[in-house]
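Architecture and fold: a report
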Amino acid sequence: MAATLTRAVPVRTGTNAVLPVEALGGTVGRIEVCQDDELIPAGTGAVRVWARTTGRPGPALALVATDGRATIGRGTRAAGWSGKTATIPLRPVNHAERSARICVTVGASSSVTLAGESSDGPNAETPATAAGAELRGRLRIEYLTPVHHSWWSQLGTIARRMGFGRAPAGGGIAFAAALLVLAAASLGLWQLVRGER
Amino acid sequence: MSTSAATSTPPSGVAPRQGAGRRLADVVRRIPAAAWVCAAVGALNCVAWSLITPAFQVPDEPDHYAYVEQLATAGRPPANDAAAISRVSSSEQAALVGLGTERVQFHEYVPSITTPAQQAALLDRLRTHPSRNDGNGVSLAGSPQPPLYYALQVPAYAVGSIDSPLVSLQLMRLFSALLGGVTVLCVFLFLREALPAHPWTWTVGALGVAFQPLFGFISGGVNPDALLFATAAALFLCLARGFRRGLTTRLAIASGALIAAGLLTKLNFAGLLPGALAGLVVLGARSEGGWSVRALRRPAIALGVAAVPFVAMVLANVLLWDRDPTGATTGVFRPSTDGASLGGGLGYLVQLYLAHVPGTVRRIPESVALRDVWVRGFVGWYGWVDTAFRSWVYTLGAGVLGVLAALAGVSLVRARAVARRRLPELLVYATMAGGLLVVVGVNSYNLWLQHAGGGGQTRYLFPLLALYAAVLVLATRAAGRRWTPVIGIAIVLLTLADDVFSQLLVIARYYA
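Figured I'd write up the structure that's included with this text. Each residue is numbered by its place in its chain's sequence as written, counting from 1. Written order determines the labels here, with chains lettered from A and ligands numbered from 1. The predicted nature of this model means local features are confined to residues of pLDDT at least 70 and side-chain atom pairs, given and counted, to a pLDDT of 80 or more, with totals for whole chains, interfaces and linings taken over all residues. Hydrogens and waters are ignored; side-chain quantities use all the structure's heavy atoms.

1. Describing the overall build of chain B
Note the following rule: Note on conventions: DSSP H or I runs of at least 4 residues are helices, E runs of at least 2 residues are strands, and numbering of each starts at the N terminus. Here the term buried applies to any residue with accessible area under 20% of the maximum for its type, exposed to any over 50%, and partly exposed to those in between, with areas from a 1.4 Å probe on protein chains only. By the convention used here, residues are in contact when the closest approach between their heavy atoms is within 4.5 Å. Computed with a 1.4 Å probe, the accessible areas rest on the Shrake-Rupley method; for each residue, only the protein chains presented here act as cover.
Along the backbone of chain B there are 22 helices and two strands. Principal-axis analysis of the C-alpha atoms gives chain B an extent of 65 × 60 × 50 Å. Each of the 512 residues in chain B was classed as buried or not, and the buried ones make up 54%. Counted over contacts in chain B with a minimum sequence separation of 6, partners at least 24 positions apart contribute 77%. Accessible surface, chain B as shown: approximately 20800 Å² in total, 68% of it carbon and sulfur.

Written out as structure tokens, the structure is:
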């Protein structure tokens, strides 16, 4: 339990609310993928893009975030990553919420499949582009804090979030749940030990 | 003071009530304190799960909520014919949209609402008090089911209806958690009857259920499984009591009432029926000293008690509510004959419960369903089957379950003389378990024929929790009296650890 609570994990500052429910396309060779109308939350120091490697180690990635003509931040990720997502550090750390255009240059060493949600429908947002050509939808992007945090340090935030979307609401819900688990465990173990004597 | 003495003198009309009340009080008083403690542990754990899991993130919870709402507002269950189209009430819809339920479910990377702005938007939607009367409760998962669990939830719904649907939902979850406590109580008492030799091990078995995380997760949500688990555990208790003490008329009536309750709770209960009826017939023969027409008297009483409410429900379905008589041919249970065959069905069951046999058509995505569906689900698979541990946890869990099964096997072999003597009882339990597996498997095969979907969830087998607890007790006794406390405490601690880490997993998935 102590090991779990003290383990450092990346913490989300927000997402673009796009679901990675379909493949938007696969990359072939070096290509630049861009997406407009992004909102980078304050405190963001890394960007996680939903790009799945196709068996081989993922290619090098280079990210540029711009707001109009101004560059908000840059970051790179060396080749060799794997899995469904790639996390690219963003420097400098963003201290205020900024609207942005995110561009990721995908290296040529191997192919990746981009995952997101189709932009069909009247209220759909602008789709992402690959080498200037529109893809069928938008790419899922998550924004993360620059350094990993332990679960322990996140307890306050998690407790506050547990109080949302329910009744009764409030951070006391997390406290009540913890108390109930503790009571159940204590009572059960007490009965076990008492009965064994 | 004896019961007979108490009932001989009071004025007529009062006596039966006092007698029944005293009998009930006497029964309650005879329940050991340890059983109450275990039941309280189970209920507390389920309440904790009810607070940890976000609203409507227990499988099919929106459908079951809508069913209760339909009963409470329209006074009748939802239509269950194929033409019925689902219409969620404005009130529930406001909650579902405000919570982003559809985007959260099945997407393990989408958290529950996490910002004050989202919370404010949800409250704004609910503050307008959208109608609770404009839904129809129709759903694929809920509408085919009988109405008992939903009817019992109506008071909790009604109390909550003075505020928002979220209040109704939480109160309904608390009622389910109470049923979770009842399940654990019945499991403890079942162990006392079925495995009376070492009283301490009953606590191990009951706590093994009380801390079972998937049980806590489901019984901490709005789902008829919560009542199904309780009625099934109580039925196992009645049968075990009958095998140990004989089938009395009162026990036959109780068994019949539980069969009725089960049949009126969830269609899957039908799987337990053949074994339970066979058990009652065997018990009837035992209590009369052999097979005779008279031996069928008490089983017939049980069957009669079970049949009356069931027939009443069928009549109400047909005459009052214009529903399918049992619901067993509607919604997810709508039968499909296209491509159905006995061989295909048997092949499907083998794949569903064990593994894909090389050279046969693959019907289940997982190559070893026993490991990748059933054991995985048992160790922990939450939300809308979208929240899982890393794969090594399941490997470890499978190993632990394998060791427990082996230890229980050792106990059975050691006690083979007793097991042989109690063979009819064991066969009855095995028939009940087999019947449930067949019913769940046939439903899944039917779904696969229609949607190429199907598959199973471990919770479908939780009506057998009493037998699982018996396995734990047998495992505890495997290595002799000296090691019994060590194994027993290890079992409870491992289950507790699984429970706590499961809760952390769910918290991380929805709130981090």
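2. Quick look at the interface of chain B and chain A
Bring the parts together and some accessible area is lost; that lost area is often taken as the interface size. Formally: What counts as buried area is the accessible surface, traced by a 1.4 Å probe, that two parts surrender upon association, with contributions from both included. We define a salt bridge as a side-chain nitrogen of Lys or Arg found within 4 Å of a carboxyl oxygen belonging to Asp or Glu. Only Asp, Glu, Lys and Arg are considered charged in this grouping, and only Ala, Val, Leu, Ile, Met, Phe, Trp, Tyr, Cys and Pro are considered nonpolar; every other residue, Gly among them, is considered polar.
Counting residues at the interface gives 51 residues for chain B and 41 residues for chain A. Here chain B meets chain A over a buried area of about 3700 Å², counting both sides, of which 72% is carbon and sulfur. Counting the surface chain B buries against chain A, the share from its top three residues, L51(B), Y109(B) and Y511(B), is 18%. Between the two partners, chain B and chain A, sit two salt bridges. Residue E117(A) pairs with R103(B) through a salt bridge whose shortest N-O separation is 3.1 Å. Each residue belonging to the side of chain B that touches chain A can be placed in one class, and the counts come to 37 nonpolar, ten polar and four charged.

3. Examining a nonpolar patch on the surface
All names here are of chain B. As a reminder, the rule being used: Patches were defined on residues exceeding 30% relative accessible area and lacking a salt bridge, with like-charge contacts within 9 Å and nonpolar side-chain contacts (Val, Leu, Ile, Met, Phe, Trp, Tyr) within 5 Å.
On the surface, V311, L315, V318, L319 and L320 cluster together into a nonpolar patch covering about 500 Å² of accessible area. Topologically, V318 is positioned in helix α15 (residues 297-320). The partly exposed category is assigned to V318, whose relative accessible area is 42%.

4. Brief notes about the environment of L493(B)
All names here are of chain B. Tracing the sequence through the fold places L493 in helix α22 (residues 484-511). A relative accessible area of 41% places L493 in the partly exposed class. When the C-alpha atoms of L493 and W448 are compared, they prove to be 39 Å apart, with 45 residues separating the residues in sequence.

5. Focus on the side chain of S219(B)
All names here are of chain B. Tracing the sequence through the fold places S219 in helix α11 (residues 213-219). Look at S219 and you get buried, because its relative accessible area is 0%. Contacts of S219, omitting those with residues within four sequence positions, involve C46, R173, S176, A177, G180, A226 and F229.

6. Some words on helix α3 (residues 33-52) of chain B
Our working rule: A helix is expected to span 1.5 Å for every residue after the first.
With 20 residues, α3(B) should reach 28 Å at 1.5 Å per residue; the first-to-last C-alpha distance of 29 Å fits that figure. Burial of α3(B) is extensive: 16 of the 20 residues sit out of reach of the surface.

7. What to know about unusual backbone geometry
All names here are of chain A. Each neighbour pair has its own omega, and for R91 with P92 the value is -5°, a cis peptide bond. Residue placement: P92 occurs in strand β9 (residues 86-94). Look at the link from A167 to P168: it is a cis peptide, with omega at -5°. Tracing the sequence through the fold places P168 in the loop between α2 (155-162) and α3 (172-196). Non-glycine residue A17 carries a positive phi angle of around 65°. In this fold, A17 is placed in the loop between β2 (12-15) and β3 (22-26).

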